[in-house]
Amino acid sequence: MQFDLNKLIRENIKVLKPYSSARDEFEGEASIFLDANESPYPSSYNRYPDPHQKKLKQKISSLKNVKEAQLFLGNGSDEAIDLLFRAFCEPGVDEVLIPQPTYGMYSVSAAINNVKMNQVALTPSFDIDLVTTLQAITPKTKLIFLCSPNNPSGNLLSPNKILEILKAFNGLVIIDEAYIDFTTSESFISKLSQYKNLVVLQTLSKAWGLASLRLGMCFASKEIIPVLNKIKPPYNISGPTQALALERLDDIETKNILVNEILEQRRTLAKELSSIKAVEHVFPSDANFILVRVNAAKQVYQKLLTRGIVVRDRSNIILCNDCLRITVGTPTENKILLDELNKL
Ligand SMILES: *Cc1c(COP(=O)(O)O)cnc(C)c1O
């Protein structure tokens, strides 16, 4: 496989002269800022935030053991997903490959960007079907999205199969690790130096408990990251988000305590679910949710709703017939859910 990043980037993005913000043109010491048309009246929010998120990147790069030049921050991982399409996929021409079932944003982003999505099925146990997947790559395929642990099935994809795809494909392989903190499995971040076509996504939305902040992390080579920086909205990460993320990322201990609590609850919940009459199968989970196959998913879903409990109905998607995706809640929430399911 020969990987040539230059052949992958869209022509208009290659020649694009990025927007240069006031904060880009002046970086240094000054006491009077009359360059950005901000309000001069101090409040916590009257100045534009750092467009390069320097401090936050320092913190995350030391936490994740990568160079700052290998890190892009997005307004949620969803922004990084969209920017990958915009940087690398020519609308109406290029294609992406997405093993299904998986996170819905990849196909929505593909549709928004008018990029053809080719789909292959995962195996019945939701792992990569290597032969089918490799066969589905076309000369126009620019991106392959792999979600591990996978949403909505909850399982990790086999690392060896991911490696085979990384080796065989000369476009970008995006591994979405939104749920990696709930596993003991090693992140693919450690493989960045070996694979120039690897992109890893993580987020503060799940294990870190900061979904409302909107902070997604994208790790890739120091050649890929500048392409994303070039096309991002200048101030994509707000000041309060940068400040709060910096503060919370210091408290790894609390994050770990809460993750362990969720893992313990996941064990209990899975065990209890499997003894419920309406539950036909509990899929193994490496994430903070459990996929279950029930008898008549739509009815179970509606029934739970009338009790004020909302789960995710995934019964319409491939390989997930009669499946509900249940997020692991607090011990009290899980108990109420189990009680209601037992009454069915
Ligand atoms: C929840 C989730 C995300 C998180 O997206 P954010 O925009 O960072 O909140 C990303 N990928 C997958 C697979 C998810 O389930």
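It should be emphasised that the depicted structure is a prediction, and the values quoted were computed from it without experimental measurement. (Residues numbered from 1 in each chain as written. Predicted model: local features only at pLDDT ≥ 70, side-chain atom pairs only at ≥ 80, totals over all residues. Heavy atoms only, no water.)

(A) Layout of empty space enclosed by the protein. For the structure on display, the rule yields one cavity of 30 Å³ or more. One number sums up the size of the largest cavity: a volume of about 40 Å³. Along its surface, the largest cavity is lined by Pro99, Pro101, Thr102, Leu122, Phe145, Leu146, Cys147, Asn150 and Leu157. No other element matches the three residues that strand β4 (residues 141–147) contributes to the lining of the largest cavity. The residue makeup of the lining of the largest cavity, split by class, is seven nonpolar, two polar and no charged. (1 Å grid on protein atoms, 1.4 Å probe; cavity = no way out; pocket = protein on both sides within 12 Å on 5 of 7 lines; lining within 4 Å. Points joined across faces, edges and corners; volume = space filled by probe spheres on them. Helix = DSSP H or I, 4+ residues; strand = E, 2+ residues; numbered from the N terminus. Nonpolar A, V, L, I, M, F, W, Y, C, P; charged D, E, K, R; others polar.)

(B) Here's a closer look at the site of the ligand. With respect to spatial proximity, 14 residues lie near the ligand, and among them Asp176, Tyr179, Ser205, Lys206 and Arg214 are the closest. Aspartate 176 places a side-chain nitrogen or oxygen 2.6 Å from a nitrogen atom of the ligand. At 3.2 Å, a side-chain N or O of lysine 206 approaches an oxygen atom of the ligand. Summarising the interface, the protein chains cover 94% of the accessible area of the ligand, which totals 390 Å² for the free molecule. When the residues that make up the shell around the ligand are grouped by side-chain class, the tally is five nonpolar, five polar and four charged. (Near = heavy atom within 4 Å. Polar contact = N/O pair within 3.5 Å; in protein donor to acceptor, adjacent residues only side chain to side chain. Areas by Shrake-Rupley, 256 points an atom, 1.4 Å probe, with all protein chains shown as cover.)

(C) Looking closely at the pattern of salt bridges. For the coordinates displayed, the defined rule picks out 17 salt bridges. Across the pair aspartate 78 and arginine 214 runs a salt bridge whose closest N-O atoms are separated by 4.0 Å. With a gap of 136 residues between them, aspartate 78 in helix α5 (residues 77–88) and arginine 214 in the loop between β6 (198–203) and β7 (216–219) connect regions that are remote in the sequence. Overall, the relative accessible area of 29% leaves arginine 214 in the partly exposed class. Aspartate 82 is the partner of arginine 86 in a salt bridge, and the nearest nitrogen-oxygen pair spans 2.9 Å. Residue arginine 86 and its partner aspartate 82 are located together in helix α5, separated by four residues, close to a single helical turn. Arginine 86 gets classed as partly exposed once you look at its relative accessible area, which sits at 36%. Here the salt bridges do not stand alone but share partners, grouping Arg23, Asp35, Glu38 and Arg47 into one network. (Salt bridge = Lys/Arg side-chain N within 4 Å of Asp/Glu carboxyl O. Buried < 20%, exposed > 50% of the residue type's maximum accessible area, 1.4 Å probe, protein only.)

(D) Spatial organisation of unusual backbone geometry. Residues glutamine 100 and proline 101 are joined by a peptide bond in cis, for which omega reads 5°. Along the chain, the position of proline 101 falls in the loop between β2 (95–100) and α6 (105–112). Here the amide bond leading from serine 148 into proline 149 is cis, since omega sits at -5°, within 30 degrees of zero. Phi at asparagine 114 takes a positive value of approximately 55°, unusual for a residue other than glycine. Inspection of the secondary structure puts asparagine 114 in the loop between α6 and β3 (116–121). With phi around 65°, phenylalanine 126 is a residue other than glycine that occupies positive phi space.

(E) The arrangement of the packing of helix α11 (residues 252–274) against helix α13 (residues 331–343) in detail. Following both chains from N to C, one finds α11 and α13 inclined at 10°, their axes separated by 11 Å at the closest point. One way to sum up the angle between α11 and α13 is to call them roughly parallel. Between α11 and α13, the residues in contact are Glu261, Gln265, Leu269, Glu272 and Leu273 and Pro331, Asn334, Leu337, Leu338 and Leu341, respectively. Residues belonging to the contact of α11 with α13 are distributed by class as follows: six nonpolar, two polar and two charged. (Axes fitted to C-alpha atoms, helices over the stretch in contact; angles between N-to-C directions. Parallel < 35°, antiparallel > 145°, perpendicular 65-115°, else oblique. Contact = heavy atoms within 4.5 Å.)

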